[in-house]
Structures are given as C-alpha cells and as structure tokens.
Amino acid sequence: MKTIRFIVAVALSALVLAACKTRQDSALVSAIPDEAAAVVAIDAERVESELGSLPEKLDMLAKLSAVIDKSQRSYVFFEKTGGMGAVVPVADWESLKDGQTPLVFAEQDGLWWAEESLVTFCCDGNRLLLMMGSSLNKTTRSKMSKLMGKKTCPSALLDRIEEHEGMYVAACGGEIGNMLSLYLGMSDLQDFFSSTDLYATFVVDCEDKTADITADIESDNDEMVAAIVKKVDDALAMVAMFMPNLLAIDGREISVQLEPTADFVGGAMGERLRNDVEELSLVYDEKAHFELHLVAKRPLREMIINEELWNR
C-alpha cells in the first residue's frame with residue numbers, strides 16, 4: 001500500500017523539478033553539504049516559463065526571484081537528518097541587501113544574514129544559501145558559515161545529475177531510506193535502503209498535460225538492485241491481492257485505476273487524483289529502471305501552482 005503512495009508522491013511532487021543547464025558552477029555546488037542525501041539542479045528560467053507568476057501567498061519567493069541570476073543553475077539539497085536547503089546565484093546583491101525583498105540582512109563576520117519564519121538566509125554577495133526544516137538549531141549559522149567557506153563539493157552525487165535538455169533532473173545518494181522515511185513516512189524502508197553505494201536518478205519530462213518520469217536505481221551491489229525490484233514486486237502483488245480493483249497488473253506493467261486509488265489514498269491527495277489525473281501507469285524491469293506516465297485533466301502548470309492549491 002505504501003508503494004502506491006510512493007508512486008503517487010513521485011508523480012505529483014517531482015513535477016516541480018527543473019531542467020539542468022550545461023555547466024556546473026563550482027562556487028555554488030561547493031556550498032552543498034557533503035552528507036546530503038539528495039541534490040536537485042534547478043533552471044530558474046525554465047521554472048519561470050513553465051509555471052508563470054507565483055500566487056500571492058508566495059510573494060517572498062516571487063520577489064527573491066527578481067535578484068536571482070537565472071543564467072546559472074540553482075541547487076536544492078536534502079539532508080539525511082531531514083533538513084533541506086538551497087544555494088542560488090545572486091544577480092543583484094544591492095537590491096537584495098537594501099530591502100527590495102521582504103528580507104532584512106545584517107552583516108556578521110563577513111557574511112550577510114537574514115531570517116524569515118523557519119528559514120535562515122546567508123549571502124556573500126554572489127551566493128545565497130538558505131536552510132530550513134529540522135536542521136535548524138542554535139548552531140545553524142556556524143554550519144552555514146562552514147558551508148560558505150567550503151572549496152569542494154559532494155561529487156559522488158553531482159556526477160549522477162545527468163544533463164538532459166528540456167528535462168527535469170534530480171539525483172539521490174547515500175542513505176536514501178532515511179530521506180524516504182522522513183519525507184514520505186516510509187519507515188520500513190529505512191534499513192533496507194541504508195547502503196551508501198546506492199543511488200537513484202530521476203528524470204522528468206513534462207508537456208502540457210503529460211509527464212513522463214524515469215528513475216534508475218544504481219548500486220555496485222547487483223543483489224541489492226535485485227532485492228529492490230523484488231520488494232516492489234511483492235508490494236504490488238500484495239496490493240493486488242487485497243484490492244484487486246485498485247490496479248491492473250500485467251507483469252511489471254501497472255495501470256492505476258484512479259477512482260479506487262483516490263478513495264484508497266484519501267484526503268487532499270486523493271481529491272487531487274480524482275480531479276486532476278486522467279491516467280497513471282508504471283513499467284519497470286529487473287535492472288530497477290522505472291518509467292511512470294501521467295496524463296492530467298488540465299495543464300500541469302495549473303496543477304502545480306495555483307491559488308486554489310494554496311488556499312486549501
């Protein structure tokens with residue numbers, strides 16, 4: 001049952017990822033924690049063109065976007081401890097510092113700092129580092145100062161961010177189970193995915209009403225990959241046994257019947273499935289290559305960011 005929730009989560013949440021550009025900015029990626037569990041490269045220009053204007057409730061993000069250097073990639077990272085952050089290139093530091101955004105910066109030890117709700121911001125004039133979530137504590141500023149002073153980056157993760165023109169790319173590494181446990185409530189996978197040589201790369205290609213998501217799980221241990229595929233096989237077989245009207249399964253080709261799935265998922269996610277999704281299917285093989293196909297009832301940009309979603 002949790003597998004279905006994972007499939008749905010990937011299908012609907014991964015749409016916010018954006019296309020990688022053709023080069024990496026070493027100064028930016030050096031501020032990513034070496035122990036990051038996942039890194040996402042974001043093309044701000046693509047996000048802006050795909051999603052259009054942001055809702056009023058995201059006014060601060062809209063104002064921040066005005067000072068971001070959209071010619072370079074930004075990076076979002078997720079930590080094994082549950083925290084997350086981002087490092088973005090700054091195009092107009094003077095506007096950012098002088099109050100053209102809702103943030104109020106103060107200088108300390110050669111860096112500029114600001115806080116907004118549960119987010120801490122740090123800027124050196126060229127990069128803006130922000131951190132949020134469970135990583136926030138009394139040592140946050142010390143940690144962020146060290147990240148801003150790093151000279152190297154977690155290349156094992158970044159090497160797995162393949163560059164695909166017009167596609168959205170994310171790379172996950174290290175203790176993937178910890179991240180899944182924290183963000184998706186899948187605690188039973190924490191030990192299973194604890195291998196540090198395990199990586200997963202997601203690539204999302206979106207058009208008006210369709211999204212095709214591919215995921216490849218990589219490991220130096222072939223037995224681990226086989227075990228992952230068997231776990232997915234077993235989970236889907238269990239769901240099909242007890243809820244035969246939920247899935248149409250032909251080997252490893254799975255079509256999700258959305259009405260019963262929406263009832264099973266329930267809540268706001270179930271409502272969105274019922275109202276927004278026309279078709280959802282999954283195909284995978286013994287090499288842990290997954291392909292998910294989604295067809296929406298309305299343009300995807302309306303599903304991802306709209307006033308209706310943020311007013312709920």
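In the block above lies the structure referred to throughout.
Along every chain, residues carry numbers that run from 1 in the direction the sequence is written. Since the coordinates come from a predicted model, pLDDT governs what is reported: local features require at least 70, and pairs of side-chain atoms require 80 or more to be given and counted, while whole-chain, interface and lining totals use all residues. Side-chain descriptors were evaluated using all non-hydrogen atoms of the structure, hydrogens and water having been removed beforehand.

Student: Can you help me understand the pairing of strand E13 (residues 277-284) in this one?
Tutor: Strand residues, when the strand is regular, have side chains that alternate between the two faces of the sheet. By definition, two strands form a pair when at least two bridges between them are found by DSSP. A run of H or I in DSSP becomes a helix once it reaches four residues, and a run of E becomes a strand once it reaches two; helices and strands are each numbered from the N terminus. With 3 bridges connecting them, strand E12 (residues 253-256) and E13 associate as antiparallel partners. Among the inter-strand pairings, Ile-254 is bridged to a residue of E13, identified as Leu-282. In this structure, E13 lies alongside strand E14 (residues 289-296), joined through 7 bridges in antiparallel fashion. Paired with Leu-280 across the bridge in E14 is Leu-294.

Student: Can you help me understand the pairing of strand E5 (residues 111-116) in this one?
Tutor: In this structure, strand E4 (residues 106-108) lies alongside E5, joined through 3 bridges in antiparallel fashion. Looking across to E5, one finds that Ala-106 is bridged to Trp-113. Linking E4 to E5, which pair antiparallel, is a turn of 2 residues; within it Asp-109 sits at a positive phi near 55°. When E5 meets strand E6 (residues 119-123), the two strands line up antiparallel, connected through 5 bridges. Note that in E6 the partner of Glu-116 across the bridge is Val-119.

Student: It is not clear to me how the environment of Val-88 should be interpreted in this structure. Could you clarify?
Tutor: Relative to the elements of secondary structure, Val-88 occurs in strand E3 (residues 84-89). Summary of the burial criterion: residues with accessible area below 20% of their type's maximum are buried, those above 50% are exposed, and those between are partly exposed, where the area comes from a 1.4 Å probe applied to protein chains only. Overall, the relative accessible area of 11% leaves Val-88 in the buried class. The sequence separation of Val-88 and Val-29 amounts to 59 residues, and the corresponding C-alpha distance is 9.4 Å.

Student: Looking at this structure, I do not really get the pattern of salt bridges. What am I missing?
Tutor: Pairing is possible between side chains that carry opposite charge, provided their charged atoms lie close to one another. When a carboxyl oxygen of Asp or Glu is within 4 Å of a side-chain nitrogen of Lys or Arg, the pair counts as a salt bridge. Taken as a whole and judged by the stated rule, the model has 10 salt bridges. Glu-115 is the partner of Arg-141 in a salt bridge, and the nearest nitrogen-oxygen pair spans 3.7 Å. In this pair, Arg-141 is assigned in helix H6 (residues 140-149) and Glu-115 in strand E5, connecting sequence segments 26 residues apart. With relative accessibility at 30%, the residue Arg-141 sits in the partly exposed group.

Student: What exactly am I supposed to notice about helix H11 (residues 267-276) here?
Tutor: For an α-helix, 3.6 residues make a turn, and residues three or four places apart therefore share a direction. Taken residue by residue, H11 has Gly-270, Arg-272, Leu-273 and Asp-276 as its buried positions. Seen from one end, H11 has its buried residues packed into an arc of 160°, which puts them on one side. By definition, the arc is the one covered by directions from the helix axis to the C-beta atoms.

Student: How do you make sense of the environment of Asp-276 when you look at a structure like this?
Tutor: Locating Asp-276 in the fold gives a position in helix H11. It is 9.6 Å that separates the C-alpha atoms of Asp-276 and Glu-302, two residues lying 26 residues apart in sequence. Contact criterion: two residues are considered in contact whenever any of their non-hydrogen atoms come within 4.5 Å of each other. Not counting residues up to four positions away in its chain, the partners in contact with Asp-276 are Ala-296, Lys-297, Arg-298 and Met-303.

Student: Honestly, a nonpolar patch on the surface in this entry has me stumped. Any pointers?
Tutor: Only residues whose relative accessible area exceeds 30% and that form no salt bridge are eligible for patches; like-charged ones are grouped when within 9 Å, while nonpolar side chains (Val, Leu, Ile, Met, Phe, Trp, Tyr) are grouped when within 5 Å. Calculation of accessible area relied on Shrake-Rupley with a 1.4 Å probe; when residues are assessed, cover is drawn exclusively from the protein chains displayed. Nonpolar side chains collect at one region of the surface, where Met-238, Met-241 and Phe-242 lie side by side and expose about 380 Å² of accessible area between them. Mapping Phe-242 onto the fold places it in helix H9 (residues 222-242).

Student: Would you take a moment to explain the environment of Ile-249 for this structure?
Tutor: Looking at the secondary structure, you find Ile-249 in strand E11 (residues 247-250). We classify Ile-249 as partly exposed; its relative accessible area is 37%. C-alpha separation for the pair Ile-249 and Val-283, spaced 34 residues apart in sequence, amounts to 9.9 Å. Not counting residues within four places of it along the chain, the set of residues in contact with Ile-249 comprises Leu-236, Ala-240 and Ile-254.

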